[in-house]
Amino acid sequence: MSNQSVQTVSTSSDKIKVALAIVAAIAGVVGFYYLAGQPALVRASALVAGLVIAVAFLYVSTTGREFLNFAKEAVRETKKVVWPTRKEATQITAIVFAFVLVMAIFLWGTDKLLEFLLYDVILGWKK
């Protein structure tokens, strides 16, 4: 097993590109809200333009490219997920509800037993 740490070296130009991407994304969101009186198409265009410019800045930076590749891999992995059928989901939900009910009854019973032992038997306080 190797204990060597991996360090990524980021140049100042990469940091500037990432900063510009963040500024472009924020500008798109601010533009969307600033143009509140305009038609929805104009507002959406401002938002999309800011986000597209941000993605473009990220894609030309090493850090951003690595992040976008990570995002693509994450999407690819989520496509591999096997979702349960409706019958399986219903059965699992019923099991969870049954377990919660059993635990609630158990905890209520434990509470009442401890209450009886503590107040009635040990302290002698009758209700």
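The structure under discussion appears in the preceding block.
Since the structure is predicted, the reported quantities are computational estimates derived from the model, not experimental observations. (Residues numbered from 1 in each chain as written. Predicted model: local features only at pLDDT ≥ 70, side-chain atom pairs only at ≥ 80, totals over all residues. Heavy atoms only, no water.)

Draft legend 1. Layout of the overall build of the protein. Looking only at helices and strands, the protein features four helices and zero strands. When its helices and strands are written in sequence order, the protein yields α-α-α-α. In summary, the protein has a C-alpha radius of gyration of 29 Å against a globular reference of 14 Å for 127 residues, an excess of more than 25%. Along the first, second and third principal axes, the C-alpha atoms of the protein reach 75 × 60 × 40 Å. Per-residue burial over the protein gives 9% buried out of 127 residues. For the protein, the share of sequence-separated contacts (at least 6 apart) that also reach a separation of at least 24 residues comes to 48%. For the protein, the accessible area works out to roughly 10800 Å², and carbon and sulfur atoms hold 72% of it. Taking the 13 positively charged and 8 negatively charged side chains of the protein as two groups, their mean positions are separated by 9 Å. (Helix = DSSP H or I, 4+ residues; strand = E, 2+ residues; numbered from the N terminus. Rg over C-alpha atoms; globule rule 2.2 N^0.38 Å. Buried < 20%, exposed > 50% of the residue type's maximum accessible area, 1.4 Å probe, protein only. Contact = heavy atoms within 4.5 Å. Areas by Shrake-Rupley, 256 points an atom, 1.4 Å probe, with all protein chains shown as cover. Lys, Arg positive; Asp, Glu negative; His and termini not counted. Charge placed at Lys NZ, Arg CZ, Asp CG, Glu CD.)

Draft legend 2. Quick peek at the packing of helix H2 (residues 40-60) against helix H3 (residues 62-78). Packing of H2 against H3 leaves a shortest axis separation of 5 Å and a crossing angle of 105 degrees. Between H2 and H3, the crossing angle belongs to the class labelled roughly perpendicular. Packed against H2, whose contacting residues are Val-55, Leu-58, Tyr-59 and Val-60, the element H3 presents Thr-62, Gly-64, Arg-65 and Leu-68 at the interface. Looking at the contact of H2 with H3 residue by residue, the class counts come to five nonpolar, two polar and one charged. (Axes fitted to C-alpha atoms, helices over the stretch in contact; angles between N-to-C directions. Parallel < 35°, antiparallel > 145°, perpendicular 65-115°, else oblique. Nonpolar A, V, L, I, M, F, W, Y, C, P; charged D, E, K, R; others polar.)

Function cannot be read off these values alone, since they describe shape.
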